[in-house]
Amino acid sequence: MEGMPELPEVEALAEFLRERAAGRTVDRVDVSAISALKTYDPPVSALSGLPVRGAARHGKFLDIEVGELHLVIHLARAGWLHYRESLGTTPLKPGKGPIALRVRLDDGSGFDLTEAGTQKKLAAYLVREPGSVPGVAKLGPDALAADAETFAARIRSRRGQLKGVLTDQSVLAGVGNAYSDEILHAAKLSPFAITDKLPDEAMARLYEATHAVLRDAVGRSVGQKAATLKSEKRSGLAVHARTGLPCPVCGDTVREVSFHDSSLQYCPTCQTGGKPLADRRLSRLVR
Ligand SMILES: [Zn+2]
């Protein structure tokens, strides 16, 4: 299970594109998976001949700035960006294989947006303003940019279990399933703690942990090639995707709670007073 790229990985992809693609001109864009392209005006052919100006991140969305346009990408769970020094000249076969969209640059390099598996969730939008992408318009403040006061106010604005609220992109943008497990472990808080009952001292710990975990992951991710980012993410995890392994802090066994299409991991000693969480409480977590 790889999981969806979150704030640190998307930040690293944006940095990578700023270094490698900015200053180049788009030669052409080919769309192989029609369903991945969510917009039709302007058409992708409008990108041909325009310069790549940079790349940015909005929550977990990657924003490639081309001329006055924005190619905004949500990689979803199985999506990824593969940069190649040389793309070759073989045309894409529409509807075949994992490549959804290919951007060819004027020096023969470029990148493929790919999606493994059968669940096709990768989404690309060509827009004049990033805010016209519905998912971007709904984003709350960035999890790393919010100050302590904003952070606490946003978390308390939504009554619910910490795990669900922390991963709600309209509350705070950028944190997903993997890093929320890591943040809650670092903060020594239960994933099921209720947000509006959280004491100030616990909220302060949550804020500190969010910054520490995300900053550390950004630090490890930026500078990595796109190809090695996923393994870099896995290597830095304390509890996420480590069910049955010892907690690196206390040695207790990392436990898991499963949902129908996801799971969370936590350490009972560090986070829940040594008590395993009951699965039946979970239905309230998934909304
Ligand atoms: Zn522990």
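Structure shown above.
Report on the accompanying structure. (Residues numbered from 1 in each chain as written. Predicted model: local features only at pLDDT ≥ 70, side-chain atom pairs only at ≥ 80, totals over all residues. Heavy atoms only, no water.)

1. Some points on the packing of aromatic side chains
Taken as a whole, this structure holds two aromatic pairs when the rule is applied. The interplanar angle of 80° and the centroid separation of 5.3 Å between the aromatic rings of Phe16 and Tyr83 together place this pair among those described as edge-to-face. Linking Phe16 in helix 1 (residues 7–20) with Tyr83 in strand 5 (residues 79–84), this pair joins segments that are 67 residues apart in sequence. Judged by relative accessible area, which is 15%, Tyr83 ranks as buried. (Phe/Tyr/Trp six-rings, centres within 6.5 Å; stacked < 30°, edge-to-face > 60°. Helix = DSSP H or I, 4+ residues; strand = E, 2+ residues; numbered from the N terminus. Buried < 20%, exposed > 50% of the residue type's maximum accessible area, 1.4 Å probe, protein only.)

2. A closer look at the sheet that holds strand 7 (residues 110–115)
Hydrogen bonds between backbone groups are what pair the strands of a sheet, and the pairing can be parallel or antiparallel. A sheet is described by the order of its strands in space; here four strands give the open sequence 1-6-7-5, paired in antiparallel fashion. Of all the strands in the sheet, just strand 1 (26–31) and strand 5 have a single pairing partner and so form its edges. Put simply, the sheet's adjacent strands are angled 15° from each other on average, direction ignored. Across six bridges, the pairing between strand 5 and strand 7 is antiparallel. Within the sheet, the bridge partner assigned to His82 lies in strand 7 and is Asp112. (Pairing = 2+ DSSP bridges. Axes fitted to C-alpha atoms, helices over the stretch in contact; angles between N-to-C directions.)

3. What to know about the coordination of the zinc ion
Donor atoms from the polypeptide that coordinate the zinc ion comprise Cys247 (SG), Cys250 (SG), Cys267 (SG) and Cys270 (SG), at 2.2 to 2.4 Å from the metal. Coordination at the zinc ion comes from four donor atoms whose angles at the metal span 96 to 115°, giving a geometry best classed as tetrahedral. Here the donor residues of the zinc ion share one chain and are spaced in sequence as C-x2-C-x16-C-x2-C. (Donors = N, O, S within 2.8 Å, 3.2 Å for Na, K, Ca; no water. Tetrahedral: all angles 85-135°; square planar, octahedral: opposite > 155°, others 65-115°.)

4. Considering the pattern of salt bridges
Applying the stated criterion to the full structure yields 17 salt bridges. The shortest N-O distance in the salt bridge between Arg102 and Asp112 comes to 2.7 Å. Here Asp112 lies in strand 7 and Arg102 lies in strand 6 (residues 99–105), a separation of 10 residues in the sequence. Relative accessible area serves as the criterion here: at 0%, Asp112 is assigned to the buried category. Its salt-bridge partner being Asp200, residue Arg156 comes within 3.1 Å of it at the nearest N-O pair. Here Asp200 lies in helix 6 (residues 200–221) and Arg156 lies in helix 3 (residues 148–156), a separation of 44 residues in the sequence. On the basis of relative accessible area, Arg156 is assigned to the partly exposed category, the value being 31%. The class for Asp200 is exposed, based on a relative accessible area of 61%. It is possible to trace a salt-bridge network through shared partners that takes in Glu11, Glu15, Arg18, Arg57 and Asp142. (Salt bridge = Lys/Arg side-chain N within 4 Å of Asp/Glu carboxyl O.)

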